[in-house]
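If you want the building blocks of each chain, they are given just below.
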Amino acid sequence: MRRCVAIVLLLALPGWASAANLIVLEARGGGLTAGQSIPSDKPITLKEGERVTVIGPDGKSVTLRGPFNGPPMPGGGAAADPKQALAALVATRDARTSSVGVIRAGTEAAKLPEPWLIDMSRPGPRCLLEGERPVWWRPDASRDEDFTVYPVDRSWRADFHWKTGEERQPVPPVSRFEGQNAFVIVIDKQEHAISITTVPKGIDNEFVLTSWMLQKGCVQQADALIRKIGGVPALRPNPDVNTRRILHGPQQKKLKELGTAIGVALLATVLAAAATKYLSFLSSLENIAADIRIAALQPPMPQSKDIVIAGITEETVAQFPYRSPVDRAFLANLLKTLEKKGAKAIGVDVLFDQPTEPEKDALLKQTLRDLKTPLFVSYTNTPTVVNEDQLAFLNDFVPADKRAGANLVTDPFDGSVRWTFSGETTPGMPIGFARKGAQLVGVATAKVDEEIAWRAQPDAETPPFPVYPSHALAVMPDDWVKGKIVLVGAVLSITDRHRTPMAVVFDDDRGMMPGIEVQAHSLSQLLEGRHHPRLPAQWAIVLTAAFALLGMAIGLLKKGIGFNVVVGIVLIAGWWVGSMLGFTYGFPLVPLVSPTLGLALSLWMMDTLIGGAERKQRQFVQGAFSRYVSPDVVNQLVENPEALAVKGDRRELSFIFTDVAGFTTLSEGLSAEKLSETLNAYLDGACQIILESKGTIDKFIGDAIMTIFNAPIPQDDHAERAVRCALAIDAYAEDFRKRYNAEGIPIGVTRIGIHSGPAVIGNFGSQQRMDFTALGDTVNTAARTEGVNKYFGTRICATQPIVDQCKTVHFRPIGDVVLKGKTEAVTLYNPVTDEFAASQAYRDYMDTYALLKSEDPKGADAVRALKHTYPDDPLIDFHLYRVESGLCTARVVMEDK
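What you see is a predicted model; the values in this text were computed from it and never measured.

Structural notes on the sheet that holds strand β2 (residues 37-39)
Strand order in the open sheet formed by four strands is β2-β1-β4-β5, and the pairing between neighbours is antiparallel. Each end of this open sheet is capped by a strand with a single partner; those strands are β2 and β5 (61-65). In this sheet, neighbouring strand axes are inclined to one another by 35° on average, regardless of whether the strands run parallel or antiparallel. Lying on the sheet, helix α3 (residues 206-215) is in contact with β1 (21-28), β4 (51-55) and β5; it crosses β1 at an angle near 25°.

Okay, here's the thing in structure tokens:
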């Protein structure tokens, strides 16, 4: 909720004592990924709309929402007894809800014997370790039983049979279970759904793992895991007393500082390497930096003497009555010509997946079988490329021993072809095209999709491989072909083009390369035993660590953030320029992004650790208040931190209390995930309105919000600000309700109460934990003012003190209300917009209310006439009910609230 929720959650977790590693449960932004480990005191930055949830070693979690800049849990650490803490999380409050708010299906279910089994007899979420297959489990193995499993999209189904005594059923190793996470189980003609959430393998702390399962709703599995945990891990012993006596004073401080710095360098290395590998925008940036060097700075290489390309050009296809498929008789004659000229091997990158002219098809089909020269022909059984009829034709046309997998392996982020296709990936898929060509000439290859080592041009005018027009080969000298591997394929302007790493620099054939040329590069690499110039992964980590240590050393100089930034920029610029230029002289393709990130992270973390007391104080103020007051209020508090003293101040305040009608019932009808999404979206918009109105968000109570005006910064117009804010929230909430109701989510109206009066405001608590709030009877009255809306049919209710201070806002009176527990009547009002105040409906209502106020008998008829004219006004319905009950008065005595 932008700035709203994080402070409430932070203040609710006092058990964190010292820095510890946290595990990221969910991440939407902040450069973090689920399963990642981060220090509790490492600052993170979240932008608008970003959200991160982390779990600590004792199983507790906290959710942070952007904008946010600071450590996820300052001083966070493990609780004294993590097993006891987790036992409390697993314990059931009632039959539906656990202490972490996970919806339960009941308490009578059989207990799982092992955490990773999937109980198929109960619906709901399940957790599965990354890379593992489901193992179904049934609590009752006393009889034979059949059950069916299919995904929610019904793309396939699997039938299982359990014999008596068998309680487990491993999922068979078939690909159709891959990538699925929601299944329907059918047992005894009854269906129920199971959703499977992947748990990263990197989470090896069983207490964190249990909390992760609870947060995902895998309560049954979490219960099995907590029962599996045997005892509390032994605490690390205190340092030896004699060692402490030796390491004291300045020496101890320096050693501690050095140890911290080394830890910073190590953490920076791990984070930089992981981020570059797993964050798509960083890995793409690393690829772009490599692509630029390969495309523009790679040293020239001589033209290949082993491979030539017989290109099917625009001039070639112009000879035939149709462009596609390529004339089969022409291809048959071309193969015979190449054999006659003494080609060492022939590769045809043309897919024969459909018939053309029968006589020509028969000629080429026979030629493929009769050719004595080693031959390999493009083939694929990928369903997205060929359908069943096409595959059948292709299988009949191309002999099995001449088939070569023609698929291309592309980068999922930018679509560039980066790897050779090894083939043999699925049943029926032959060896890859390039590997097949190498195999036919006696070169052994490994079954691996190796990164393509692109062959550089000898010069700007000469291509890496000779390309001859296929229709002219018959009249060309035999020496141009003899003893070489000839690859036949299209080099047409718009056919079979693929993006390559060179596209980052070139927009011609090098950037969008014909498929036959891509295959030529792959085959050339295999024949010559060349490898991509990229530095091996382990050396990339070493370089990243070296730059992180360099950043650590700069930070230990303690020259200030300006010095660190300047030196860091100079080093990074030198590394980038040097690496680019060095590549032209044979320097390896070293990583650029990962070392840069390692240096930057190391410098940043070192600067954070050596910051002065003033910076810490500013960070405290901003971290404590920026999530529930507006930015300009934070700036004032930064300049005057004395306002945060632990003391109370009695002053005139205005309050807004909001609550969503029927939210408890709504929460019972939605899944935990959908409920969280709906509530977050609702509070997100409401908080933004409050902050724009310069209000202070005091607290959240479920879907309810308590807001204060005139604190911590004085506001002369606090009452009017509160009313304007309430009207804006009302308009927003109504629009939100209608949109979500249209989607089938029955969220109710938002009721708002506004009241003003004296109260004590301040930070109440200790120096370690404070809660900025207001106390007093005024707060209680404001809360009750919100609650009475349901009796009047109104959405906003304001008190007399509010009306007295608002000279530019219009109100219509509701009645002189005696709240329960009070003896004096309080006149309550419904604030209205300027447009409504100018309408005839407003004037008619005010005239009718005047009659009720004076208890004039004519008031009853006036209310009935008002109802007839304005039938959709709930407040008029309230007054009509009263006059029909014989109460022709504006005085209302409340029986509750």
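Back to the text.
Observations concerning the packing of aromatic side chains
Per the stated rule, a full pass over the model turns up 17 aromatic pairs. Ring geometry for Phe147 against Phe160: centres 4.9 Å apart, planes inclined by 15°, an arrangement best described as stacked. One end of the pair, Phe147, is in strand β10 (residues 145-151); the other, Phe160, is in strand β11 (residues 158-162), with 13 residues separating them in the sequence. A single burial state applies to Phe147 and to Phe160, both of which are buried. With 4.2 Å between their ring centres and 20° between their planes, Phe736 and Tyr740 make a pair best called stacked. Residue Phe736 and its partner Tyr740 are located together in helix α21 (residues 718-742), separated by four residues, close to a single helical turn. Of the two residues examined, Phe736 and Tyr740, each falls in the buried class.

So, the nonpolar core
If you look at the biggest cluster of nonpolar residues, it comprises 41 residues, and the most contacted ones within it are Ile656, Val723, Ile754, Ile802 and Phe811. Looking at this core, the element that brings in the most residues is α21, giving 11 residues. One finds Ile312, Ala332, Tyr468 and Leu473 within the second-largest nonpolar core, a separate group that totals 35 residues.

Digging into a nonpolar patch on the surface
Together, Leu285, Ile288, Ile292, Val504 and Val505 line one region of the surface with nonpolar side chains, adding up to about 330 Å² of accessible area. Within the fold, Ile292 resides in helix α7 (residues 280-297). A relative accessible area of 30% places Ile292 in the partly exposed class.

Section: unusual backbone geometry
Apart from glycine, the bulk of residues carry a negative phi angle, and the bulk of peptide bonds sit in the trans form. A cis amide bond, omega -5°, links Ser324 with the succeeding residue Pro325. Inspection of the secondary structure assignment puts Pro325 in the loop between α8 (314-317) and α9 (328-340). Ala711 connects to Pro712 through a cis peptide bond whose omega is 0°. Note that Pro712 resides in the loop between β27 (704-709) and α21. The phi angle at Lys694 is positive, at roughly 65°, despite the residue not being glycine. By secondary structure assignment, the location of Lys694 is in the loop between α20 (672-692) and β26 (696-701). By relative accessible area, which is 25% here, Lys694 ends up partly exposed.

Topic: the pairing of strand β13 (residues 182-187)
Of all six residues in β13, five are buried, a share of seventy percent or more. As paired elements, β10 and β13 share five bridges and run antiparallel to each other. Within β13, the residue paired with Tyr150 across the bridge is Val184.

So, the confidence of the model for the chain
With 82% of its residues at a pLDDT of 70 or more, the chain shows a mean pLDDT of 80. For the chain, helix α1 (residues 6-11) is the element with the lowest average pLDDT, namely 27, and strand β30 (residues 796-799) is the one with the highest, namely 95.

Description of the sheet that holds strand β17 (residues 375-379)
Taken in spatial order, the six strands line up as β18-β17-β16-β22-β15-β21 in an open sheet, and their pairing is parallel. Single-partner strands in this sheet number two, and they are β18 (403-405) and β21 (467-469). Going from strand to strand, the sheet's axes swing by 30° on average, the running direction of each strand aside. The sheet contacts of helix α12 (residues 433-440) involve β16 (345-348), β17, β18 and β22 (485-490), and relative to β17 the element is tilted by about 170°. Together, β15 (307-312), β21 and β22 form the strand contacts of helix α13 (residues 515-528), whose direction differs from that of β22 by roughly 155°.

Calculation rules
Residues numbered from 1 in each chain as written. Predicted model: local features only at pLDDT ≥ 70, side-chain atom pairs only at ≥ 80, totals over all residues. Heavy atoms only, no water. Pairing = 2+ DSSP bridges. Helix = DSSP H or I, 4+ residues; strand = E, 2+ residues; numbered from the N terminus. Axes fitted to C-alpha atoms, helices over the stretch in contact; angles between N-to-C directions. Contact = heavy atoms within 4.5 Å. Phe/Tyr/Trp six-rings, centres within 6.5 Å; stacked < 30°, edge-to-face > 60°. Buried < 20%, exposed > 50% of the residue type's maximum accessible area, 1.4 Å probe, protein only. Core = buried A, V, L, I, M, F, W, Y, C linked by side-chain atoms within 4.5 Å. Patch = residues over 30% accessible without salt bridge, like charges linked within 9 Å, V, L, I, M, F, W, Y side chains within 5 Å. Areas by Shrake-Rupley, 256 points an atom, 1.4 Å probe, with all protein chains shown as cover. Salt bridge = Lys/Arg side-chain N within 4 Å of Asp/Glu carboxyl O. pLDDT = per-residue confidence, 0-100.

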